[in-house]
Structures are given as C-alpha cells and as structure tokens.
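Descriptive structure summary
Residues per chain, in single letters:
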Amino acid sequence: MNMSQQRDAARPRVRGTERSVARRAELIAIGRRLFADTSYDALSMDDIARQAHVAKGLIYYYFQSKRGYYLAIIEDSVADLVTFAASGLELPAVDRVHRTIDSYLRYAEHNQAAYRTIVSGGVGFDTEVHAIRDGVREAIVATIAEGAYGHAAIAPLARMGLLSWVCSVEGATLDWIDRPELSRDTMRELLVKTLGGALRAIEEMDPSCRAPAPARRYD
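The following refers to the structure shown. (Residues numbered from 1 in each chain as written. Predicted model: local features only at pLDDT ≥ 70, side-chain atom pairs only at ≥ 80, totals over all residues. Heavy atoms only, no water.)

What to know about the overall build of the protein
The helix and strand tally for the protein stands at 10 helices and zero strands. Of the regular secondary structure in the protein, the N- to C-terminal order runs α-α-α-α-α-α-α-α-α-α. Of all 219 residues assigned to the protein, the portion counted as buried reaches 46%. In the protein, 65% of the contacts between residues at least 6 apart in sequence involve partners at least 24 apart. Element-wise, carbon and sulfur atoms account for 54% of the exposed surface of the protein, whose accessible area totals about 11500 Å². (Helix = DSSP H or I, 4+ residues; strand = E, 2+ residues; numbered from the N terminus. Buried < 20%, exposed > 50% of the residue type's maximum accessible area, 1.4 Å probe, protein only. Contact = heavy atoms within 4.5 Å. Areas by Shrake-Rupley, 256 points an atom, 1.4 Å probe, with all protein chains shown as cover.)

A word on the environment of Thr-173
Of note, Thr-173 is situated in helix H9 (residues 156–178). On the basis of relative accessibility, which here comes to 0%, the residue Thr-173 falls in the buried class. Taking the C-alpha atoms as reference points, Thr-173 and Leu-105, separated by 68 residues in sequence, lie 7.1 Å from one another. The residues contacting Thr-173, other than those within four sequence positions of it, are Tyr-104, Leu-105, Ala-108, Tyr-115 and Met-187. From its side chain, Thr-173 meets the backbone oxygen of Val-169 in a polar contact 2.7 Å long. (Polar contact = N/O pair within 3.5 Å; in protein donor to acceptor, adjacent residues only side chain to side chain.)

Quick look at the packing of aromatic side chains
Throughout the structure, instances matching the rule amount to six aromatic pairs. Between Tyr-62 and Phe-63, the aromatic rings sit 6.3 Å apart at their centres with planes inclined by 50°, giving tilted as the arrangement. Each of the two residues, Tyr-62 as well as Phe-63, counts as buried. (Phe/Tyr/Trp six-rings, centres within 6.5 Å; stacked < 30°, edge-to-face > 60°.)

Details of unusual backbone geometry
The phi dihedral of His-53 falls on the positive side, at around 60°, and the residue is not glycine. Among the secondary structure elements, His-53 is positioned in the loop between helix H3 (45–52) and helix H4 (56–63). According to the relative accessible area criterion, His-53 is exposed, its value standing at 72%. Even without being a glycine, Gln-64 presents a positive backbone phi close to 70°. Note on Gln-64: relative accessible area 60%, which makes it exposed.

So far we have only geometry, and geometry alone does not tell us how the molecule works.
Pasting the structure below:
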C-alpha cells in the first residue's frame, strides 16, 4: 500500500449531503476536544451531548453508537497525522524526519487519551483500533524509508528494522506523556539519534540498504 492509499484508508469515508458532511465534521471536531485528555470510559453519551450542546440522538444518527463516534474521532485525528507525515516532500530528508517526529510527539502530547487508546489497542482487544495503529506504523515506516532510501518499497529486513524503531517510539512516547521530564525538543532529538542507530544497524546486516549520510558516524 503506497502513501496515498494509506492516507485514503486513514481518512474515514463519508456519504451524504454537503450539510450532513459538514455537521458530521463539526461533531468530530467537538469530540476531538472532549476526548483529547479524557478516556473513552470517562465520558457517557449524556456527558458528550451536554458538553457538545447537541441532542444525544444527533450523535447516534451520525455514528450509531458511542464506540462508533470515538472510532470516527480517532480515525480523523490519525488521518491528519498521517497526511502531515507524508507531506513536506520538498524538504531535505533530515528536516523532513525532524518534522515528522515532532508532529508525532505533538499529536501524542495534545491527544493523550486517544494516543493511549491507539497504542494500547483500544478497549480490550479492538481489531478496528489495532488496524488504525498498524496504519500509522506503516505510514511512518514509509515516510522514513522515503527519506532514508528514496523510496517506500524496501527489503523485509529494512522494513523490520524501521518497524522495530517505530514500536520503540510508541513505548517511549507513552512514558514521556506520563512523565514529561524531557522537553519535546529533547525527546525529538533523542528519537532522531536512535533512528540513526537503527539505520546503521540495517546497513550492517544488509549493505545494500546504505544509511543516509546524516545517519552515519563517519562517511
């Protein structure tokens, strides 16, 4: 799946009139604010309707259930993250990597409840949330691969190496939002340097996957 397909998959498809699409988007924007730092279980549908100043039936009309509403909110916010990560092709590779990691950390910082849900897999074993998480992982891997190697189609060993780095980023980011002892700038620089280590390890095991110059200790 290429980056365009991943963005399309991440962005929820909506049917209906322009007015209904706009109304649905408005409800999602409201939900993103409500759930930014509040867990799924902490808000009832009555709470949501009251804080959103809408009738509860309107939320059911567009999303069928509280879970449907929450998934739509997560999908929408993640789609923004994926789209942003895939943009900036005109930037030098190093700047693009910094920008992508910084946007990832900003998302986690400002959408902590949603981020925890995505990384932990949702309420119980939630296959739909797992699919969202996997889509974000693949999008970040593709973005890094394009910056490092000039293309997203990479060998299995390189993909696994980058995926391992992304999974480590998830764990580190979860700890960081729980204990924000480091600034976002410091956290970003740390993750960039560990990415350099991953790229060098990939090259060591597969010399055809040459690490880009900024990731090399000596060139």
